[in-house]
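Structural overview for review
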Amino acid sequence: MNEQIINADTLPPSKGLFQERWSILKRNSMAYASYWFLIALFAFAIMGKVLTQNIVIFDPKTVRLSEKFLPPLTPYASKVSVKEDVPFMGVYLLGTDELGRDVFARMMEGSFVSLTVGFVAVAISLTVGVFFGGLAGFYGRVKLGFITVDTLIMGFVDIMLCFPSFFLILTVVALLPPSIYNIMIVIGLTSWMGIARFVRAEFLSLRDQDFVVAAKSQAIPAWRIIFIHMVPNAIAPVLVSASIGVATAILTESSLSFLGFGVQPPDATWGNILADGKTFLFDAPWLTFIPGLTILVVVLAFNLCGEGLREAFNPKLRTKL
Amino acid sequence: MINFIIRNIWQRFILLIFISIISHSVIHLAPGEPALVDPSNPRMKAEDIQRIRAAYHLDEPLHIQYFFWVRDLFTGELKSFKDNQPVLKKIWNRFINSLPLFMVSMMIIWFLAFPVGIKAALNRDSIFDRISTFLSYALISIPGFFLAYLLIIFMVKTFDVPVIGMRTFGLEEAPVLFKFLDRVWHLTLPAIVSAVGGMAVLSRYVRSQMLEVIHQDYMRTARAKGLSEDQVIYRHGLRNALLPFITMFGLTIPGLIGGSVIFETIFAWPGMGRLGFEAILARDFPVILTLTFFSAILVLLGTLISDILYGVADPRIKF
């Protein structure tokens with residue numbers, strides 16, 4: 001999402017707009033701070049993925065049964081385990097869990113998986129939402145038999161909005177075989193309706209503007225008009241929903257994990273570390289608090305970032321530059 | 001007006017038919033069958049599974065199954081796969097339990113969100129505004145069950161009150177007042193926890209609505225007339241800011257089912273969300289379908305009510 005802003009910067013016509021909005025976003029200190037926090041988090045997650053896969057001291061699956069339930073910052077002092085099992089820097093930075101696995105290593109692995117769930121789910125909902133919203137906005141007046149395309153698509157959006165979303169996700173995830181891909185797909189396919197509505201609304205005001213009419217008069221193919229000319233102009237509300245969507249997807253995954261239908265072990269996510277840790281709430285509170293507070297902070301950062309973008313792109317709230 | 005209502009009901013009726021068809025096909029097309037819930041049970045023989053499938057019409061084509069479901073639902077004959085109880089009665093019993101929880105949490109949401117949002121909007125960028133903004137984002141971002149666990153530990157350790165379930169076991173003979181207070185204690189924590197998220201969202205909405213209204217021309221006019229500040233804010237400002245919340249109110253009604261799955265599971269509250277969760281675990285298709293259908297009816301009813309109320313409240317809207 002952040003990369004998209006930078007890419008859009010290189011397009012000459014939108015340059016001024018995005019630079020202006022960027023400077024507005026900068027003035028919102030909380031949003032700006034969360035933006036940098038998220039960049040750091042992506043770096044951490046990618047580093048975590050590489051390290052946990054390739055370096056043995058970061059292996060989150062190493063079981064050390066003699067080292068169960070050690071609180072955070074306990075130095076490694078086992079005489080039983082083999083040398084390869086020594087954790088990073090010889091210290092359990094975030095303690096160990098019920099199998100003596102290093103929580104720090106598990107959280108590193110979980111960061112990548114959780115963020116992947118969030119981003120893939122949002123990518124799916126963006127694709128579907130922009131597709132249907134664009135279709136309804138651009139071809140809205142075309143008649144199919146007795147109803148217009150717009151009525152048909154918006155009717156479908158209304159139907160989807162009537163389902164209780166968490167209940168629907170839970171039903172489908174519980175009925176399908178447990179797999180991380182199913183979770184991403186189901187979360188994505190049940191959260192595109194808001195984006196479709198935003199894109200349609202933007203397209204309705206864009207489709208009669210001069211640059212679109214000019215593009216049509218040059219016989220530019222419709223898909224090019226939609227994706228090259230119109231979508232970049234309608235992207236602002238979509239970015240906002242995408243940022244908040246990642247936050248919601250991470251929360252939904254953790255709720256599913258809590259009910260036992262989330263990402264299954266051995267894959268670690270923040271959600272299932274938290275869901276496993278709650279059993280040992282009194283004996284090992286760090287197993288609950290570390291993933292719980294991580295989810296809180298990360299989701300908060302996504303939400304603040306999204307709100308910052310919303311304020312920056314809202315022409316009404318653009319007071320005194 | 002009457003025309004408008006009739007047209008609206010007709011449109012929603014059509015939507016409802018499509019919803020029932022879609023949810024029916026989603027559930028029946030997904031892999032996993034009620035007959036296969038317990039595959040390791042040695043007493044389940046192939047012919048038993050066959051008999052179960054025949055009894056629940058699972059061998060028929062999808063559209064016939066759909067027809068059976070609709071017929072049974074409207075004659076009230078629909079039976080749960082799990083325990084052969086009538087589905088409507090089961091849902092009604094749970095609905096009665098969910099209702100007080102839902103109403104109390106709605107009351108907490110609406111009574112707290114408005115003062116906080118209005119105060120934050122009136123003192124924009126003050127300390128109060130910043131703190132309430134940050135707090136509401138934090139409350140939106142916290143995983144609900146994590147918060148619930150923290151609160152349970154806190155309540156049990158400090159106040160030593162019962163929080164799990166709907167009533168304390170063995171109090172059936174107690175005096176009415178005692179039973180009532182026991183119920184209130186059990187209700188408090190789940191209601192607060194399920195209100196937290198909604199409260200944060202709503203107070204943000206109230207704040208942004210008030211900010212939109214505050215700089216309108218009619219507010220300046222009202223001040224210029226010499227009205228007191230309270231009258232300007234609450235009679236001229238708040239009334240106009242309130243309009244969109246009629247829509248919000250309609251949209252909160254489906255929270256009765258969808259929003260309560262997690263909290264009813266944590267607090268062992270025998271409500272509709274938990275009924276849905278149990279039905280999902282048991283592949284109890286009639287209960288899942290009827291709950292989804294019921295919740296869709298609630299959504300459509302909620303939007304219908306808010307559409308009508310909007311027309312009543314806002315004289316600018318003509319039917």
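Read on for an overview of the structure. None of these values were measured; they are calculated from a predicted model. (Residues numbered from 1 in each chain as written. Chains lettered and ligands numbered in written order. Predicted model: local features only at pLDDT ≥ 70, side-chain atom pairs only at ≥ 80, totals over all residues. Heavy atoms only, no water.)

Comments concerning helix α4 (residues 103–138) of chain A
Residue and element names in this part refer to chain A.
- Spanning 36 residues, α4 covers 50 Å between terminal C-alpha atoms, matching the ideal 52 Å at 1.5 Å per step.
- For α4, the buried fraction is high: 27 of the 36 residues fall into the buried class.
- Sitting at the head of α4, D102 places a side-chain oxygen 3.3 Å from the backbone nitrogen of F104. (Helix = DSSP H or I, 4+ residues; strand = E, 2+ residues; numbered from the N terminus. Expected span 1.5 Å × (residues − 1). Buried < 20%, exposed > 50% of the residue type's maximum accessible area, 1.4 Å probe, protein only. Polar contact = N/O pair within 3.5 Å; in protein donor to acceptor, adjacent residues only side chain to side chain.)

Brief notes about the packing of aromatic side chains
- In the structure shown here, the tally under the stated rule is 23 aromatic pairs over all chains.
- Ring centres 6.0 Å apart and planes at 50° place the aromatic pair Y66(B) and W69(B) in the tilted group. One end of the pair, Y66(B), and the other, W69(B), are both in helix α3 (residues 62–75), three residues apart, so they sit about a helical turn from each other. Side by side, Y66(B) and W69(B) carry an identical accessibility label, which is buried.
- A ring pair is formed by F154(B) and F159(B), whose centres lie 6.2 Å apart and whose planes are at 85°; its orientation type is edge-to-face.
- Ring pairs connect the aromatic residues F131(A), F132(A), F156(A) and W192(A), which therefore count as one cluster.
- Here the guanidinium or amino end of K119(B) rests over the ring plane of F128(B), the centre of that ring lying 5.0 Å away. (Phe/Tyr/Trp six-rings, centres within 6.5 Å; stacked < 30°, edge-to-face > 60°. Lys NZ or Arg CZ within 6 Å of the ring centre and 35° of its normal.)

Describing the side chain of R204(B)
- Position of R204(B) among the secondary structure elements: in helix α7 (residues 176–214).
- With no salt bridge to any partner, buried R204(B) finds its closest opposite charge in E307(A), at an N-O distance of 4.8 Å. (Lys, Arg positive; Asp, Glu negative; His and termini not counted. Salt bridge = Lys/Arg side-chain N within 4 Å of Asp/Glu carboxyl O.)

Remarks on unusual backbone geometry
- Even without glycine at this site, A219(A) takes up a positive phi of about 60°.
- Relative to the helices and strands, A219(A) is located in the loop between α9 (210–217) and α10 (222–230).
- For A219(A), a relative accessible area of 65% translates into the label exposed.
- Its identity as a non-glycine residue notwithstanding, D125(B) has a phi of 70°, on the positive side.
- Assignment of secondary structure puts D125(B) in the loop between α4 (87–122) and α5 (127–141).

Regarding helix α11 (residues 272–281) of chain B
- Buried residues dominate α11(B), accounting for seven of its ten residues.
- Along α11(B), the residues that are buried comprise M272(B), G273(B), L275(B), G276(B), F277(B), A279(B) and I280(B).
- Packed against the buried residues of α11(B) are α6 (165–175) of chain A together with α4, α10 (261–266) and α12 (285–313) of chain B.
- Directly after α11(B), the chain includes R283(B), whose backbone phi takes a positive value near 55°. (Contact = heavy atoms within 4.5 Å.)

A closer look at the environment of N93(B)
Residues and elements named next belong to chain B.
- With respect to the helices and strands, the residue N93 is situated in helix α4.
- When its relative accessible area of 41% is taken as the criterion, N93 is described as partly exposed.
- For the pair N93 and D314, spaced 221 residues apart in the sequence, the C-alpha separation amounts to 38 Å.

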